[in-house]
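Report on the structure
So the chains spell out like this:
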Amino acid sequence: MLTDNHGREINYMRLAVTDRCNLRCFYCMPEDGLNWLSRSGLMSYEEMLRACRLLVKMGIEKIRITGGEPFVRKDIMLLLAGLAKIDGLKELSMTTNGVLTAPHIPEMKALGIKSVNLSLDTLDANRFFTITRRDEFASVMHTLDELLKHDIEVKINAVVMDGKNTRDIIPMVELTKDLPVSVRFIEEMPFNGDGHVYQGLSWDYVRILNEITSHYPAIKKLTDPAYSTAYNYQIPGHRGTVGIIAAYSRTFCGTCNRIRITPEGTLKNCLYDDGVLNIKDLMRSGISDNELEQNLLNAFSHRVADGWEAERKRVEKNGVHESMATIGG
Ligand code: SAM
């Protein structure tokens, strides 16, 4: 078992395969995009597979592919096919915005992908356009249909934004009535990529829960799975479930089991840290797997206690301002 200096098990990795995205969600990046990484600035698929094989040997059991938008990276299915073959990897999953996803679903299913996180902040096509600056609502809904048709577990992730989509909270909870999906409401975080100062949070997890309970007083708390970042609930009689993720309030760090690798190969021990090691540079310097493992173990033995400590350590470097697309969510 792989553990950190606080005795927390590390068994889950989120690997962001690109910083590029085909949406421009205003809370994630500026309208004209980011200063995208060059091809050589990205880890190659060979490098990703090497790192993943080693990390699985060390104790990682679950890998989630994220981005940017994973499906905008060329030949992404080749990477997924390579990952699916790694001995010891118990679960391979993805996070996607659903725009380009649908045609790949049969192959994803064949590779053993059982669960997909689909990002969707509203059920209204106009608000979708306002939030994402792209007219792609129909393709995302089509992806949702196809995932369900192929019996792939779907978690819908919705960022709750004051004045933008709070009127979508109840309609999105209503989705769980007939669909076997988990709709998860996420607190907005300061990763907007445009450097403006984050004004704090007006819709925290308590307010989101109050909004839901005032419409569904019979809502039941479920037992949260191990390492869950979401507080999980169900409305009696509904097929699906509802989750609330206190991503800004950071209530779940005590059981944090996850690490992240960015598209440029930076290892992050915490979503809010600044990166603790660059594995792409190490691999390109000709390091052996043994040496890479030692570097990784050293990084895991210096994990911060929680996301508040991680953020505090960054204050002198201007704090948190990068786009979530450079991290993977
Ligand atoms: N493109 C993929 C997708 O849309 O799921 C994967 C990458 S995206 C950066 C991962 C998740 O991060 C999405 O659910 C997105 O809504 C979320 N996200 C991006 N910026 C955020 C922010 N400032 N606060 C909270 N969540 C954010």
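Here, the structure is the one placed above.
Here the residue numbering is sequential within each chain, running from 1 through the sequence in written order. A pLDDT threshold of at least 70 governs which residues receive local features in this predicted model, and a stricter bar of 80 or more applies before side-chain atom pairs are shown or counted, although totals over entire chains, interfaces and linings include all residues. By convention in this description, side-chain values take in all heavy atoms of the structure and omit both hydrogens and water.

Along the protein chain, the regular secondary structure elements total 10 helices and 12 strands. Here the radius of gyration uses the C-alpha set of atoms, whereas the globule reference equals 2.2 Å times the residue count to the power 0.38. Against the compact-globule benchmark of 20 Å for 329 residues, the protein chain has a radius of gyration of 19 Å, which places it among compact chains. Once the C-alpha set of the protein chain is aligned to its principal axes, its extents read approximately 55 × 45 × 40 Å. Only protein chains enter the calculation, and the probe is 1.4 Å; a residue is then buried if its accessible area is under 20% of its type maximum, exposed if over 50%, and partly exposed in between. Within the protein chain, buried positions represent 57% of all 329 residues. Accessible surface for the protein chain amounts to roughly 14400 Å². Of this, 50% is attributable to carbon and sulfur atoms. Of the charged side chains in the protein chain, 40 are positive and 43 negative; the average position of the first set lies 2 Å away from that of the second. Strands are runs of DSSP state E lasting at least two residues, helices are runs of H or I lasting at least four, and both sets are numbered from the N terminus onward. All accessible-area figures derive from a Shrake-Rupley calculation using a 1.4 Å probe, and residue coverage is judged against the displayed protein chains alone. A positive count includes Lys and Arg, and a negative count includes Asp and Glu. His and the chain ends are not counted in either. To locate a charge, the coordinates of NZ of Lys, CZ of Arg, CG of Asp or CD of Glu are taken.

Let's shift gears to the packing of aromatic side chains. For this analysis, a ring pair means two rings from Phe, Tyr or Trp (six-membered ring only for Trp) whose centres lie within 6.5 Å, classed as stacked if their planes differ by under 30 degrees, edge-to-face if by over 60, and tilted for the remaining angles. Counted by the stated rule, this structure contains five aromatic pairs. Positioned above the aromatic ring of Y233, the side-chain terminus of K221 is 5.2 Å from the ring centre. Criterion for a charge above a ring: Lys NZ or Arg CZ within 6 Å of the ring centre, and within 35 degrees of the ring normal. If you follow R250 out to its NZ or CZ, it ends over the ring of Y248, 5.1 Å from the centre.

Here, proximity means that at least one heavy atom of the residue falls within 4 Å of the molecule or strand. Close contacts around the ligand come from 18 residues, with Y27, G68, T95, S119 and M189 the closest. Here a polar contact is taken to be a pair of N or O atoms separated by no more than 3.5 Å, where protein atoms must pair a possible hydrogen donor with a possible acceptor and residues adjacent in sequence count only if both atoms sit in side chains. Here a nitrogen atom of the ligand sits 3.0 Å away from a polar atom, N or O, in the side chain of E69. Here S119 contributes a side-chain N or O atom positioned 2.6 Å from an oxygen atom of the ligand. Within the complex, the protein chains bury 94% of what would otherwise be the 550 Å² of accessible surface of the ligand. Its residues placed into classes, the shell around the ligand shows six nonpolar, nine polar and three charged. Polarity classes work like this: nonpolar for Ala, Val, Leu, Ile, Met, Phe, Trp, Tyr, Cys and Pro, charged for Asp, Glu, Lys and Arg, and polar for all others, with Gly in that last group.

The next thing to look at is the sheet that holds strand β1 (residues 12-16). The strands making up a sheet associate through backbone hydrogen bonding, with each pair oriented either parallel or antiparallel. Spatially, β7-β8-β9-β6-β5-β4-β3-β2-β1-β10-β11-β12 is the arrangement adopted by the 12 strands of the open sheet, whose pairing is mixed. Each edge of the open sheet is held by one strand with a lone partner, namely β7 (220-221) and β12 (277-278). Strands pair, by our definition, only if DSSP identifies at least two bridges between them. Of the strand pairs in this sheet, strand β6 (residues 182-187) and strand β9 (residues 241-245) are connected by five bridges, and their pairing is parallel. Paired with I186 across the two strands is I245, which belongs to β9. Across the sheet, helix α1 (residues 45-58) lies against β1, β2 (62-66) and β10 (258-261), angled at about 175 degrees from β1, the strand it touches most. Only heavy atoms matter for contacts: two residues are in contact if any of them lie within 4.5 Å across the pair. Note on method: axes are straight lines fitted to C-alpha atoms, helices fitted across the in-contact stretch only, with angles between N-to-C directions ranging 0 to 180 degrees.

Negative phi is the rule for most residues except glycine; trans is the rule for most peptide bonds. Of note in the backbone geometry, D75 takes a positive phi value of approximately 60 degrees without being a glycine. Structurally, the position occupied by D75 is in the loop between β2 and α2 (76-84). The class of D75 is partly exposed, set by a relative accessible area of 43%. Its identity as a non-glycine residue notwithstanding, D151 has a phi of 60 degrees, on the positive side. Structurally, D151 is set in the loop between α5 (137-149) and β5 (153-160). Here D151 falls in the exposed class, since its relative accessible area comes to 63%.

Right, let's get into the packing of α1 against α2. Where α1 meets α2, the closest approach of the two axes is 10 Å, and the angle between their N-to-C directions is 20 degrees. Considering the angle they form, α1 stands roughly parallel to α2. Remark: the crossing between α1 and α2 carries right-handed chirality. Mapping the contact onto sequence places Y45, M48, L49 and C52 in α1 and I76, L79, G82 and L83 in α2. Residues of the contact of α1 with α2, tallied by class, amount to seven nonpolar, one polar and no charged. By the definition adopted for this analysis, an angle is roughly parallel if under 35 degrees, roughly antiparallel if over 145, roughly perpendicular if from 65 to 115, and oblique otherwise. In this scheme the crossing of two helices becomes right-handed for a clockwise turn of the near helix relative to the far one and left-handed for an anticlockwise turn of less than a right angle.

As a further point, take the nonpolar core. Joining through side-chain atoms within 4.5 Å is the link that ties buried Ala, Val, Leu, Ile, Met, Phe, Trp, Tyr and Cys residues into a set, and such a set is a nonpolar core. By size, the foremost hydrophobic cluster in this structure holds 101 residues, and its most contacted members are I63, I65, F185, I212 and L296. In terms of residues, this core owes the most to one element, α1, which gives nine residues. If we skip the residues at most four places from it in the chain, L296 touches L54, L55, M58, L267, L277 and I279.

The subject of this paragraph is the environment of K114. If you trace the backbone, K114 turns up in the loop between α3 (105-110) and β4 (115-119). Measuring from C-alpha to C-alpha, the distance between K114 and H150 comes to 9.5 Å, with 36 residues separating the pair along the chain. With sequence-adjacent residues up to four places away left out, K114 is seen in contact with L92, I152 and E153.

Attention now moves to the pattern of salt bridges. Two side chains with opposite charge may pair up if their charged atoms get near one another. By definition here, a salt bridge exists when the distance from a side-chain nitrogen of Lys or Arg to a carboxyl oxygen of Asp or Glu is within 4 Å. Counted according to the given criterion, the structure contains 18 salt bridges. Ionic pairing is found between K90 and E61, a salt bridge with its closest N-O pair at 3.1 Å. Separated by 29 residues along the polypeptide, K90 in the loop between α2 and β3 (91-96) and E61 in the loop between α1 and β2 bring together distant segments of the chain. The class for K90 is exposed, based on a relative accessible area of 64%. Here D274 and R314 are joined by a salt bridge, their closest N and O atoms 3.7 Å apart. Placement of the pair is D274 in the loop between β11 (266-268) and β12 and R314 in helix α10 (residues 307-314), with a sequence separation of 40 residues. Taking the relative accessible area as the measure of exposure, D274 reaches 38% and is therefore partly exposed. A single salt-bridge network, built from bridges that share partners, covers K268, D274, R314 and E322.

Coordinates in, geometry out; function isn't part of it.
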